[in-house]
Amino acid sequence: MMKDDFTDKKSISLLWLLIPVVGIFIIAEILFALNVFSGDKLKYWMTQEYFFLHANAFFNFLPSRFWSNITHLGDAAILIPILSIFIIKKPKVWFAIIVTSVIAGTFSLIGKNAFQVPRPAAVLDPQNFVVIGELLTKHNSLPSGHTITIFAAVFTFLVLLCRFSKTRYTWLWLGMGFSFATMVGLSRLAVGAHWPIDILLGAMLGWVAGVGGAFFYLRIFEHTQPNVKSYVSFIISFALLCLSLIILSRGISDPFNGPIYIVSALCGMTSSASILLNHLKDTGKIRFNAFYQPTLGKQLLRNTTGVSR
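Residues numbered from 1 in each chain as written. Predicted model: local features only at pLDDT ≥ 70, side-chain atom pairs only at ≥ 80, totals over all residues. Heavy atoms only, no water.

Explanation requested: the overall build of the protein in the structure shown.
If you tally the helices and strands in the protein, you get 13 helices and zero strands. Burial analysis of the protein (309 residues in total) assigns 42% to the buried set. Across the protein, every contact between residues at least 6 apart in sequence was considered, and the portion connecting residues at least 24 apart equals 81%. (Helix = DSSP H or I, 4+ residues; strand = E, 2+ residues; numbered from the N terminus. Buried < 20%, exposed > 50% of the residue type's maximum accessible area, 1.4 Å probe, protein only. Contact = heavy atoms within 4.5 Å.)

In structure tokens, the structure reads:
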């Protein structure tokens, strides 16, 4: 059977990174043309003003509550509990998530501080477009952090899924994952928080971060035996529980975004309980088997009765 290129670990650094690397190069050329690297931010947002206003108006044919909840999936605090439900049986995948988060966070922090591009509401009259949620007016628009987060998470899972699940539905999963991440990215336009290029660059950087985290996992942990210490399982379980309770309290105090908060909290609490119960079950099973092993039972019988059988 012919091996699919996307399931070949050797091709990950080439095929998986080809599109985002080319995309980042093209966007860099655009930023040079708009004088962003030289400190001129006026040309950057003025060339996008028309498209931003029309896209913002177009996407808001859907209810504002829909976009408000969807855009929260780009918040790592909301997204991680939801993702945790998919890796209960794969504790080593947490290392991929951690590495991905570090890479994505670094990209976002460096980009926002280096470019210092004004948000739409900082240079345009908020009365002229739809603003959903908090009115953002800082100069930290490029790149979109929410878009980096969702693309990083989605592509981490897509790379691992294609590596471990070699089915005819591979391309379907790729399409669904990319479409989902794109919808969350576009929500940043719908809520009036970012310019289009902010989202494009965020998507490319998140794509690279996700592939990087997955590649780290495949190179370091794929062929190792699961060896998650008891205190690590407890820490992960406790951290998820605390995070879920915080999110649940936010959902209670913010009914408008309640659906996504409640989904995230329920996923986190379910994962927390499952991780802890699986660990306790495994520990108890080991002890149970050790006590009732036939050889151990015979030894105990000889020691207590002096009878050998």
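So what exactly am I meant to see when it comes to the packing of aromatic side chains here?
Geometry of an aromatic ring pair is reported as the spacing of the ring centres plus the angle between the planes. Following the criterion strictly, the structure yields 16 aromatic pairs and no others. With a centroid separation of 5.7 Å and an interplanar angle of 55°, the aromatic rings of F58 and F61 are classed as tilted. Judged by its relative accessible area of 53%, F58 falls in the exposed class. Looking at F61, the relative accessible area reads 58%, which means it is exposed. Relative to F155, the ring of F151 has its centre 6.1 Å away and its plane inclined at 10°; by these criteria the two rings are stacked. In this pair, F151 and F155 are both assigned in helix α8 (residues 145-164), four residues apart and thus about one turn of the helix distant. (Phe/Tyr/Trp six-rings, centres within 6.5 Å; stacked < 30°, edge-to-face > 60°.)

Teacher, can you tell me more about the packing of helix α4 (residues 64-71) against helix α9 (residues 170-190) here?
Working note: a packed helix pair is described by the angle between its axes plus the distance between those axes. At a minimum axis separation of 9 Å, α4 and α9 run at an interaxial angle of 125°. Considering their axes alone, α4 and α9 lie oblique with respect to each other. In this structure, α4 meets α9 at a crossing whose hand is left-handed. Of the residues in α9, those in contact with F66, W67, I70 and T71 of α4 are M183, V184, S187, R188 and A190. When its residues are assigned to classes, the contact of α4 with α9 shows six nonpolar, two polar and one charged. (Axes fitted to C-alpha atoms, helices over the stretch in contact; angles between N-to-C directions. Parallel < 35°, antiparallel > 145°, perpendicular 65-115°, else oblique. Left-handed = near helix turned anticlockwise from the far one by under 90°. Nonpolar A, V, L, I, M, F, W, Y, C, P; charged D, E, K, R; others polar.)

Sorry if this is basic, but what is going on with the nonpolar core here?
Across soluble globular proteins, nonpolar side chains have a tendency to be buried as a group. Ranked by size, the top nonpolar core spans 68 residues in total, and within it W16, L31, Y44 and L142 carry the most contacts. With twelve residues, the top contributor of residues to this core is helix α10 (residues 196-220). Those residues in contact with L31 that sit more than four places away from it in its chain are V36, F37, Y44, F115, L142 and I197. (Core = buried A, V, L, I, M, F, W, Y, C linked by side-chain atoms within 4.5 Å.)

Before we go on, may I ask you to explain the side chain of N56 in this structure?
Structurally, the position occupied by N56 is in helix α3 (residues 49-59). Dropping the residues within four chain positions of it, N56 is found in contact with F129, V130, L189, A190, V191 and G192.

Just checking my understanding: could you explain the packing of α9 against α10 for this structure?
Following both chains from N to C, one finds α9 and α10 inclined at 145°, their axes separated by 9 Å at the closest point. Relative to α10, α9 is oriented so that their crossing is right-handed. Touching F178, G185, R188 and L189 of α9 are P196, I199 and W207, all from α10. Of the residues in the contact of α9 with α10, the class split is five nonpolar, one polar and one charged.

Whenever I open this one, α9 confuses me. Can you help?
Along an α-helix, residues three or four positions apart point the same way, because every turn accommodates 3.6 residues. The terminal C-alpha atoms of α9 lie 30 Å apart, and with 21 residues this matches the ideal 30 Å at 1.5 Å per residue to within 8%. Listing the buried residues of α9 in full gives T170, L174, G177, A181, V184, G185, S187, R188, L189 and A190. (Expected span 1.5 Å × (residues − 1).)

Help me out: how do you make sense of unusual backbone geometry in this one?
Excluding glycine, residues mostly carry a negative phi; peptide bonds, for their part, are mostly trans. Here the residue pair L142 and P143 is connected by a cis peptide bond, since its omega of -5° sits within 30 degrees of zero. Counting through the fold element by element, P143 comes out in the loop between α7 (120-123) and α8. Phi at N35 takes a positive value of approximately 65°, unusual for a residue other than glycine. Along the chain, the position of N35 falls in the loop between α1 (12-33) and α2 (42-46).

How should I be thinking about the environment of N56 in this particular structure?
The buried category is assigned to N56, whose relative accessible area is 1%. N56 sits 139 residues away from W195 along the chain, and the two C-alpha atoms are 9.9 Å apart. Among the polar contacts made by the side chain of N56, one reaches the main-chain amide nitrogen of V130 at a distance of 2.8 Å. (Polar contact = N/O pair within 3.5 Å; in protein donor to acceptor, adjacent residues only side chain to side chain.)

Which parts of the structure should I look at to understand a nonpolar patch on the surface?
On the surface, a cluster of nonpolar side chains totalling about 560 Å² of accessible area is made up of L18, I19, V22, F25, I26 and I30. Tracing the sequence through the fold places F25 in helix α1. In this structure F25 comes out as exposed when scored by relative accessible area, which is 55%. (Patch = residues over 30% accessible without salt bridge, like charges linked within 9 Å, V, L, I, M, F, W, Y side chains within 5 Å. Areas by Shrake-Rupley, 256 points an atom, 1.4 Å probe, with all protein chains shown as cover. Salt bridge = Lys/Arg side-chain N within 4 Å of Asp/Glu carboxyl O.)

Looking at this structure, I do not really get the environment of T147. What am I missing?
If you trace the backbone, T147 turns up in helix α8. Here T147 falls in the buried class, since its relative accessible area comes to 0%. Along the chain, T147 and D198 lie 51 residues apart, while their C-alpha atoms are 8.7 Å from each other. T147 has contacts with G185, R188, I199, G202 and A203, leaving out every residue within four places of it along the chain. Looking at T147, its side chain comes within polar contact range of the side chain of S144, at 2.7 Å.

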